[in-house]
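# Tertiary structure, described
These are the residues of each chain, in order.
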Amino acid sequence: MSPPPVVPVEPPPARARPRWLILLAALALMALTARLGWWQLDRAAQKKALQTAIEAQADASALPASALPADEPEATRQRYRRITLQGQWMAEHTVYLENRQMRGRPGFFVLTPLKLPTGDAVLVQRGWLPRDLVDRTRIAPYRTAEGEVQIQGRIVPWPSHLTALGAEASGAIRQNLDFADEAARVQRALRPFAIAELDQPGHAKDGLLRDWPMPAVDVHKHYGYAAQWFALCALTAGLYVWFQLIRPRRRQRAGGPD
């Protein structure tokens, strides 16, 4: 007696994901990317408002010496305002911050404390000197006036820190400048900010370049990020429409009667 014929058993069809689950995932991703896009636009609006505030501060009339901020919060409120000061240069405490660029060239920021009539001092970012490409310790000549001087500058933050690849130097040439260390070295009270000196018409040139750029808030990068998030949102919507609506209908039409 012959065995019964073997009937092949077809595997059960794969379970398709529920359409509502795919729709929910697509909507969640679209909501997230759209929200991130709007958040970037909001950041751009904040940066534009900050830029407007900086320009308003820079264009305001110069402050008298009596309005020089006494602490950091007050200096923050008056940041980038012009101010006229009188005092004496403490030239023996001049330092040179290296690896600082101006007009695309490497060089030094020259910083000298200015002793004020009140007895304390404020650090003045006097200008920029080019770096000697052969000997980095060779400082280009410049002039420092003796006696009482009057300068005009802008209230700016303490000089920014750059990444140091080793121990910080303690000589005249520095990579960075620490406020507490500088106040101890000057041996007098030091205001917790700096003054970026400006060129004054009619004053003799001292050999220092003062092409200080205003801070850039970089609004355009936020517009770029927003465009990327909105594009991802649109891509998610397009993929859902194609794979869940258009493509299944095309398959149904192709498999139906002619």
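We now turn to the structure provided with this report. (Residues numbered from 1 in each chain as written. Predicted model: local features only at pLDDT ≥ 70, side-chain atom pairs only at ≥ 80, totals over all residues. Heavy atoms only, no water.)

Before going further, it helps to examine helix 4 (residues 220-255). The end-to-end C-alpha distance of helix 4, which contains 36 residues, comes to 51 Å, matching closely the 52 Å that a straight helix rising 1.5 Å per residue would cover. At Trp242, helix 4 shows its maximal kink, close to 35°. Residues of helix 4 that are buried include every one of His222, Ala226, Cys233, Thr236, Tyr240 and Gln244, and no others. In this structure, the buried residues of helix 4 make contact with helix 1 (19-59). (Helix = DSSP H or I, 4+ residues; strand = E, 2+ residues; numbered from the N terminus. Expected span 1.5 Å × (residues − 1). Bend = angle between axes of the 7 residues up to and from the residue. Buried < 20%, exposed > 50% of the residue type's maximum accessible area, 1.4 Å probe, protein only. Contact = heavy atoms within 4.5 Å.)

The subject of this paragraph is the pairing of strand 4 (residues 121-130). Of all the 10 residues making up strand 4, 9 are buried; the element is thus mostly covered by neighbouring parts of the structure. In this structure, strand 3 (residues 105-115) lies alongside strand 4, joined through 9 bridges in antiparallel fashion. Across the sheet, the residue bridging to Lys115 is Ala121, located in strand 4. Linking two consecutive strands that pair antiparallel, namely strand 3 and strand 4, is a turn of 5 residues; a positive phi of about 100° is found at Gly119 within it. Where strand 4 and strand 7 (residues 190-197) come together, 4 bridges link them in parallel fashion. Within the sheet, the bridge partner assigned to Ala121 lies in strand 7 and is Leu190. (Pairing = 2+ DSSP bridges.)

Turning to the side chain of Arg154, a few remarks are in order. Looking at the element boundaries, Arg154 is found in strand 5 (residues 148-156). The buried charged residue Arg154 lacks any salt bridge, with Asp59 as its nearest oppositely charged partner at 5.8 Å. A distance of 3.1 Å separates a polar side-chain atom of Arg154 from the backbone oxygen of Ala58. A polar atom in the side chain of Arg154 sits 3.1 Å from the backbone oxygen of Tyr80. Aside from chain neighbours lying at most four places away, what touches Arg154 is Ala58, Tyr80, Arg81, Arg82, Ala194, Ile195, Ala196, Leu198 and Met214. (Lys, Arg positive; Asp, Glu negative; His and termini not counted. Salt bridge = Lys/Arg side-chain N within 4 Å of Asp/Glu carboxyl O. Polar contact = N/O pair within 3.5 Å; in protein donor to acceptor, adjacent residues only side chain to side chain.)

Within helix 3 (residues 179-186) the residues assigned to the buried category are Glu182, Ala183 and Val186. Viewed along the axis of helix 3, the buried residues span an arc of 100°, placing them on a single side of the element. In helix 3, the exposed positions angled more than 90 degrees off the buried face are occupied by Asp181 and Ala184. Contacts made by the buried residues of helix 3 are with strand 3, strand 6 (173-174) and strand 7. Where helix 3 begins, the side chain of Asp178 points an oxygen toward the backbone nitrogen of Ala180, at a separation of 3.2 Å. Where helix 3 terminates, the next one or two residues include Gln187, which has phi positive at roughly 60°. (Arc of directions from axis to C-beta.)

Positive phi outside glycine occurs at Arg103, with the angle close to 55°. Note on Arg103: relative accessible area 60%, which makes it exposed. Positive phi is not limited to glycine here, since Gln187 has a value of about 60°. Considering the arrangement of structural elements, one finds Gln187 in the loop between helix 3 and strand 7. We classify Gln187 as exposed; its relative accessible area is 70%.

Turning our attention to the side chain of Asp120. In this structure, Asp120 sits in the loop between strand 3 and strand 4. Asp120 sits in the buried class, given a relative accessible area of 14%. A polar side-chain atom of Asp120 sits 2.4 Å from a polar atom in the side chain of Thr118. A polar atom in the side chain of Asp120 sits 2.6 Å from the side chain of Arg191. In this structure Asp120 touches Leu114, Lys115, Arg188, Ala189 and Arg191, once residues within four positions along its chain are discounted.

Phe109, Leu111, Leu177 and Trp212 are the most contacted members of the largest nonpolar core, which has 24 residues in total. Going through the elements one at a time, helix 1, strand 2 (95-102), strand 3, strand 4, helix 3 and strand 7 are the ones with two or more residues in this core. Residues within four places of Phe109 in sequence aside, it is in contact with Val95, Tyr96, Leu97, Arg100, Gln101, Met102, Gln125, Gly127, Trp128 and Trp212. Core analysis: the second largest hydrophobic core is formed by 16 residues, Ala67, Leu68, Ile83 and Phe193 among them. (Core = buried A, V, L, I, M, F, W, Y, C linked by side-chain atoms within 4.5 Å.)

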